[in-house]
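# Breakdown of the fold
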Amino acid sequence: MSEQQHTQAVLLEWIRSQLSGFGDLEDKVLTIPAGQVSLLYIKSVTDGQAISRNIIAPFYEMGHPAAYYSYVADYPGSEEVTDGQRALDLLLSGYACIGREGKLCCFDVLRAEASSIKETITESISQGPSDALGESLAVNLNLVRRRYLSSALKMEFTVIGNVSKTKVAILYDESRVNHQVLAELKEKLDSLKLDILQAAGELEKYISSDKLRIFPKTIVTERPDRVVFNLAEGKVAVLLDTTGYAIVLPSIFNDFFTAMDDKIHLPFVGRFLKLLRILGVAMTLWLPALYIAFTSYNPEIVRVQIALLIGGSRATVPYPSFVEVILMMIMMEFLTEASLRLPRAIGPTATTVGGLILGQAATAAGLIGNIMIILVSVVAISNFLVPLNMMSFSIRVLKYFFVIAAAVLGLVGVVICLVGFTLYLCSQRSFGQPYFKMFALDALGASLKKKSGGS
């Protein structure tokens, strides 16, 4: 073996070692009687048809490695490299590396997914990327790879489901990930005994540590930029074939109130918007319960004018405030569910008109007080301030616990319920990480920042 061939072999071996955890790395040797060439590329970011048409087919048609390598080196967009890091960067960017007799050439075969990518639906933002994960695992990996051009991003594949045979990809940054979390996730995935797996939310339910939980402990997102952001924080992402959502773990309570455009706004604006979301959750939980407590148990706490105003609005209501609140909250749940299940063309119109007619008629008939209509409307709007639906659904259910506590014990019941759920949140863990860290940095992310700063 010549010195150049030895150098090329060492270079290729170094690249393979850097990409050892890449489940989508293709490492081939093309051979004909006249000689052979080495071919490396990453399937998730390259165009398979372009590789077959422009790289593999010409090799067998030309029949001579030297002429073929000249063709590759002279092809528009190709680059001959001698530096291993440069070759690695090009591989991650969508190039294929072709090696022959001490020479290494990188050929541009980037796959740009555009026509099959849709815009986000459930996590819309005012600024930033609008592309969403799709139902093809290859497309989703492409969206993540193009945003995370690092050799530390590793990918492992597994198959779940005896019948569905659903392909699952585990993504993590090897230099930042908490390996205990990764090991726990792999153990749970290996222990799953399922016939059918079709959705990310379904998998999230199976891998959670406790089954009787109130709050979600992993993020289910449709945004590739959210996936990339969390990977950079040392978290793990799980992508499924046939579904347009990814699972991000571990996730703390504070993560569910962060929208992706918070990173784009000015720091003060981003914190203000997050504070608005937390305030909206507080209003969703407390307003109906406080209405019951102030109306039926503790009217002396509020000003006399407010107490008289509430009493006047309920003068014709024939049942207690608890029944009034429950009735209106259930009707709002009906309208919310109808808006989700009806066809998009008529859903918003039907539910808006239905809500207006229902509220106006109930008030005119004296079945519901005017203040109750305002309160329920505020609760419905504030509940939708949460950026992630899983937490929004949990808050929708949780407010009924506060209502029942207020109906039984008044304001004391509301306080007891608040303290109880705060203690519950403090006791929870998400894959070993403290769950209720509202205003603290993630411990892993903080330690990584210190290490990088010290080095």
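Residues numbered from 1 in each chain as written. Predicted model: local features only at pLDDT ≥ 70, side-chain atom pairs only at ≥ 80, totals over all residues. Heavy atoms only, no water.

What the protein chain contains, in helices and strands, is 16 helices and 12 strands. For the protein chain, the C-alpha radius of gyration of 29 Å lies well beyond 23 Å, the compact-globule estimate for 455 residues. Residue burial in the protein chain is summarised as follows: out of 455 residues, 48% are buried. Within the protein chain, contacts between residues separated by at least 24 positions form 68% of all contacts whose residues are at least 6 apart in sequence. Counting every atom, the protein chain has about 22,300 Å² of accessible surface; 61% of that belongs to carbon and sulfur. Of the charged side chains in the protein chain, 41 are positive and 41 negative; the average position of the first set lies 6 Å away from that of the second. (Helix = DSSP H or I, 4+ residues; strand = E, 2+ residues; numbered from the N terminus. Rg over C-alpha atoms; globule rule 2.2 N^0.38 Å. Buried < 20%, exposed > 50% of the residue type's maximum accessible area, 1.4 Å probe, protein only. Contact = heavy atoms within 4.5 Å. Areas by Shrake-Rupley, 256 points an atom, 1.4 Å probe, with all protein chains shown as cover. Lys, Arg positive; Asp, Glu negative; His and termini not counted. Charge placed at Lys NZ, Arg CZ, Asp CG, Glu CD.)

Moving on to empty space enclosed by the protein. Tallying each qualifying case throughout the model produces three cavities of 30 Å³ or more. Around the largest cavity, the lining residues are Met329, Met332, Glu333, Thr336, Val376, Val379, Ala380, Asn383, Phe384, Arg396 and Lys399. For the lining of the largest cavity, the secondary-structure elements that each account for two or more residues are α11 (321-341), α13 (370-383) and α14 (389-409). (1 Å grid on protein atoms, 1.4 Å probe; cavity = no way out; pocket = protein on both sides within 12 Å on 5 of 7 lines; lining within 4 Å. Points joined across faces, edges and corners; volume = space filled by probe spheres on them.)

Time to look at the environment of Arg16. Mapped onto the fold, Arg16 is located in helix α1 (residues 3-18). Spatially, the C-alpha atoms of Arg16 and Gly311 are 76 Å apart, while their sequence positions differ by 295 residues. When sequence neighbours within four positions are dropped, the list of residues in contact with Arg16 reads Asp27 and Leu40.

In terms of nonpolar packing, the biggest core is built from 58 residues, with Leu171, Phe215 and Met391 touching the most fellow members. In terms of residue count, the dominant contributor to this core is α14 (eight residues). The contacts of Phe215, once residues within four sequence positions are left out, are Phe253, Met391, Ser394, Ile395, Leu398, Tyr424, Leu425 and Tyr435. Counting residues in each nonpolar core, the second largest holds 22 residues, with Ile160, Val181, Leu182 and Ile247 among its members. (Core = buried A, V, L, I, M, F, W, Y, C linked by side-chain atoms within 4.5 Å.)

Let's shift gears to the sheet that holds strand β4 (residues 95-100). With antiparallel pairing, the five strands of this open sheet are ordered in space as β1-β2-β4-β5-β3. What marks the edges here is a single partner per strand, and that holds for β1 (25-32) and β3 (79-81). Across the sheet, the axes of successive neighbouring strands diverge by a mean angle of 25°, strand direction being ignored. Direction of pairing for β1 relative to strand β2 (residues 35-42): antiparallel, over a ladder of eight bridges. (Pairing = 2+ DSSP bridges. Axes fitted to C-alpha atoms, helices over the stretch in contact; angles between N-to-C directions.)

Moving on: the side chain of Glu222. On the secondary structure map, Glu222 appears in the loop between β8 (219-221) and α8 (224-232). Lacking a salt bridge, the buried Glu222 has Arg223 as its closest oppositely charged neighbour, with an N-O distance of 6.1 Å. The residues contacting Glu222, other than those within four sequence positions of it, are Thr120, Ile121, Thr122, Glu123, Ala132, Leu133, Gly244 and Tyr245. (Salt bridge = Lys/Arg side-chain N within 4 Å of Asp/Glu carboxyl O.)

All told, the structure shown has 12 aromatic pairs when counted by the stated rule. With a centroid separation of 5.7 Å and 75° between ring planes, the pair formed by Tyr71 and Tyr75 is classed as edge-to-face. Exposure remark for Tyr71: the relative accessible area of 22% places this residue in the partly exposed category. We classify Tyr75 as partly exposed; its relative accessible area is 28%. Pairing Phe402 with Phe421 gives two aromatic rings, centres 5.9 Å apart and planes at 20°, and the pair type is stacked. Placement of the pair is Phe402 in helix α14 and Phe421 in helix α15 (residues 411-427), with a sequence separation of 19 residues. Connected via pairs of aromatic rings, a cluster forms that spans Phe59, Tyr60, Tyr68, Tyr71, Tyr75 and Phe107. The lysine or arginine in question, Lys167, covers the ring of Phe157, its NZ or CZ lying 4.6 Å from the ring centre. (Phe/Tyr/Trp six-rings, centres within 6.5 Å; stacked < 30°, edge-to-face > 60°. Lys NZ or Arg CZ within 6 Å of the ring centre and 35° of its normal.)

Now for the environment of Asp83. The residue Asp83 is located in the loop between β3 and α4 (84-92) in this model. As for Asp83 and Leu375, which are separated by 292 residues in sequence, their C-alpha atoms are 66 Å apart. Separated by 3.0 Å, the side chain of Asp83 and the backbone nitrogen of Arg86 make a polar contact. (Polar contact = N/O pair within 3.5 Å; in protein donor to acceptor, adjacent residues only side chain to side chain.)

Another point: a nonpolar patch on the surface. The grouping of Phe322, Val323, Ile404, Val408, Leu409, Val412 and Ile416 at the surface amounts to a nonpolar patch, some 610 Å² of accessible area in total. The biggest single contributor to the nonpolar patch is α14, with three residues. Note that Ile404 resides in helix α14. What makes Ile404 partly exposed here is its relative accessible area of 47%. (Patch = residues over 30% accessible without salt bridge, like charges linked within 9 Å, V, L, I, M, F, W, Y side chains within 5 Å.)

Let us now look at α13. Look at α13: 20 Å from first C-alpha to last across 14 residues, which is about the 20 Å you get at 1.5 Å a residue. Considered for burial, the residues of α13 that qualify are Met372, Leu375, Val376, Val379, Ala380, Ser382 and Asn383. Elements that come into contact with the buried residues of α13 comprise α9 (267-297), α11 and α14. (Expected span 1.5 Å × (residues − 1).)

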